[in-house]
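The residues making up each chain are set out below.
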Amino acid sequence: MSIPDRQDREDREDREDRQDRRSLIADAAISTVATAGLRGLTHRAVDSAAGLPAGSTSYYFRTRSALISACYLRLAELSVADVDHWEAGHGRLDLESAAAALAALLHHWLTAARDRQLARFELTLEATRRPELRADLRTAGLAARSRATTLLAALGAPHPAPAAELLVAWTDGLLYDRLAGALAEARPLPDVTELATVARQMLNAALST
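Conventions adopted
All residue numbers refer to positions counted from 1 along the written sequence of the respective chain. For a predicted model such as this one, the threshold for reporting local features is a pLDDT of at least 70, and the threshold for listing and counting side-chain atom pairs is 80 or more; totals across whole chains, interfaces and linings nevertheless cover every residue. Think of the side-chain values as coming from all heavy atoms in the structure, minus any hydrogens and water. Buriedness for pockets is judged along seven lines, at least five of which must meet protein on both sides within 12 Å for an open set on the 1 Å grid over protein atoms alone, while cavities are sets there where a 1.4 Å probe fits but cannot get out, and lining residues have an atom within 4 Å of a point. Grid points are joined across faces, edges and corners, and a volume is the space filled by probe spheres set on the points. Only DSSP runs of H or I reaching four residues or more are called helices, and only runs of E reaching two or more are called strands; each is numbered from the N terminus. Salt bridges are defined as contacts in which a side-chain nitrogen from Lys or Arg sits within 4 Å of a carboxyl oxygen from Asp or Glu. Put simply, buried Ala, Val, Leu, Ile, Met, Phe, Trp, Tyr and Cys residues joined by side-chain atoms within 4.5 Å make one nonpolar core. Any residue under 20% of the maximum accessible area for its type is buried, any over 50% is exposed, and the rest in between are partly exposed; the area is computed with a 1.4 Å probe on protein chains only. One less than the number of residues in a helix, times 1.5 Å, gives the span that helix is expected to have. Arc definition: it is the arc formed by the directions from the helix axis to the C-beta atoms. Contact between two residues is taken to exist if any of their heavy atoms lie within 4.5 Å; hydrogens are not considered. With axes taken as lines fitted to C-alpha atoms, and helix axes fitted only over the stretch in contact, angles between N-to-C directions fall between 0 and 180 degrees. Just so you know how the angles are binned, under 35 degrees is roughly parallel, over 145 roughly antiparallel, 65 to 115 roughly perpendicular, and the rest oblique. Classes in brief: Ala, Val, Leu, Ile, Met, Phe, Trp, Tyr, Cys and Pro nonpolar; Asp, Glu, Lys and Arg charged; the others, Gly included, polar. Here is the rule: rings of Phe, Tyr and Trp (six-membered ring for Trp) pair when centre to centre is within 6.5 Å. Planes less than 30 degrees apart are stacked, more than 60 are edge-to-face, and the remainder are tilted. Per residue, pLDDT captures the predictor's confidence, and it can take any value from 0 to 100. Within 3.5 Å is the distance limit for a polar contact, defined as a pair of N or O atoms, with the added protein rule that one can donate a hydrogen and the other accept it, and that residues adjacent in sequence qualify only through two side-chain atoms.

Chemist: Even after reading the chapter, I still don't get the layout of surface pockets, so can you show me in this structure?
Modeler: With a probe scaled to a water molecule rolled over the atoms, the places where space remains empty come into view. By volume, the largest pocket amounts to about 770 Å³. Along the walls of the largest pocket sit 36 residues, with Ser79, Val83, Trp109, Ala144 and Val168 positioned nearest its centre. Residue assignment for the lining of the largest pocket shows that the elements contributing at least two residues are α4 (64-88), α5 (95-110), α6 (114-129), α7 (134-154) and α8 (160-180). The element best represented in the lining of the largest pocket is α7, accounting for nine residues.

See the structure below:
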């Protein structure tokens, strides 16, 4: 291998290592917000949660605002990956398969990925008080709406973009109600069959918009 080729490979590996470290830190920050709230989100706490040496988080994200922005973008990245995974697992795209995929996705977000959703709600509220955070929150929100628009267009929605706005709003409302709403603690664990019925209703309503 020539010296330039070796240097290119080393530079690429270094970039990948840095990106992996940034993702690890963002994941630890999200977990910290879910368990300790925004008051508990400090660089030191994230270093500890990520199992990294002191100062690692501040090296990659100098300010608290930068760390919060990283959370927004990481949450969007993980959500899009979840959508890809559940869509791929439900074969041909029609209303029934889309409802099944959405139900599975909702169930995942309400159970295994519960902490991510709780952190997202906390972080979203923070952006309403801090204008410097809104750009990254908007970027994250647009990613979700873009995927919903693509899904509804494939299902034949006459106006997929406004329909996607409704579908995202309904999905967020359902997640908030089940995880943090007034009756959240009194409700049983979510059932995929029940969620499939709700998902079908949401999709039917969005498609008729």
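Chemist: Help me out: how do you make sense of the pattern of salt bridges in this one?
Modeler: Oppositely charged side chains may form a pair once their charged atoms are brought near each other. Across all of its chains, the model carries 13 salt bridges by this definition. A single network of salt bridges, built from pairs that share partners, joins Glu126, Arg129, Arg130 and Glu132.

Chemist: Please clarify how the environment of Asn204 should be interpreted in this entry.
Modeler: Mapping Asn204 onto the fold places it in helix α9 (residues 192-207). A sequence separation of 47 residues divides Asn204 from Ala157, and the C-alpha atoms of the two residues are 9.6 Å apart.

Chemist: I'm lost on the nonpolar core in this one. Help?
Modeler: The nonpolar side chains of a soluble globular protein tend to be buried, and buried together. Among the nonpolar cores identified, the biggest contains 32 residues, and Leu102, Leu106, Leu152, Leu167 and Leu203 are the most heavily contacted of them. Counting residues per element, the ones that place at least two in this core are α5, α6, α7, α8 and α9. Counting 23 residues, the second-largest nonpolar core is a separate cluster that includes Ile30, Leu41, Ala119 and Leu123.

Chemist: Is there a simple way to think about α7 in this case?
Modeler: Spanning 21 residues, α7 covers 30 Å between terminal C-alpha atoms, matching the ideal 30 Å at 1.5 Å per step. Taken together, the buried positions of α7 are occupied by Ala140, Gly141, Ala148, Leu151 and Leu152. All buried residues of α7 fall inside an arc of 115° around its axis, so they share one side. Turned more than 90 degrees off the buried face of α7, the exposed positions are Ala135, Arg138 and Ala154. Tucked into the core, α7 has its buried residues touching α4, α5, α8 and α9. Positive phi appears at Gly156, one or two residues downstream of α7, with a value of about 95°.

Chemist: What exactly am I supposed to notice about the packing of α5 against α6 here?
Modeler: When two helices pack together, their arrangement is given by the angle between the helix axes and by the axis-to-axis distance. In contact at an axis separation of 5 Å, α5 and α6 are set at 80° when each is read in the N-to-C sense. Relative to α6, α5 is oriented roughly perpendicular. Across the interface between the two elements, His108, Trp109 and Leu110 of α5 pack against Arg114, Arg116 and Gln117 of α6. Residues that form the contact of α5 with α6 fall into these classes: two nonpolar, two polar and two charged.

Chemist: Can you help me understand the environment of Ala161 in this one?
Modeler: Turning to its location among the elements, Ala161 is positioned in helix α8. Ala161 sits 12 residues away from Thr149 along the chain, and the two C-alpha atoms are 5.2 Å apart.

Chemist: I'm lost on the packing of aromatic side chains in this one. Help?
Modeler: How two aromatic rings sit relative to each other is set out by the distance from centre to centre and by the angle between their planes. Scanning the model with the defined rule gives two aromatic pairs in all. Ring centres of Tyr59 and Tyr60 lie 5.0 Å apart, and the angle between their planes is 85°; on these two criteria the pair is classed as edge-to-face. Between Phe121 and Tyr176, the ring centres sit 5.2 Å apart and the planes meet at 75°, which makes this aromatic pair edge-to-face. Remark: Tyr176 occurs in helix α8 and Phe121 occurs in helix α6; sequence separation between them is 55 residues. Assessed through its relative accessible area of 14%, Phe121 is described here as buried.

Chemist: Is there a simple way to explain the confidence of the model for the chain in this structure?
Modeler: With 91% of its residues at a pLDDT of 70 or more, the chain shows a mean pLDDT of 89. Here helix α1 (residues 3-36) is the element of the chain with the lowest mean pLDDT, 75, and helix α2 (residues 43-50) is the one with the highest, 97. The model gives residues 7-13 a pLDDT under 50, and that stretch makes one contact with residues more than four places away or in other chains.

Chemist: Explain the side chain of Asp82 to me, please; I cannot follow it from the model alone.
Modeler: Note on placement: Asp82 falls in helix α4. For Asp82, a relative accessible area of 11% puts it in the buried group. Here Arg116 takes part through its side chain, which lies 2.5 Å from a polar atom of the side chain of Asp82. Setting aside residues no more than four positions away along its own chain, Asp82 makes contact with Leu105, His108, Trp109 and Arg116.

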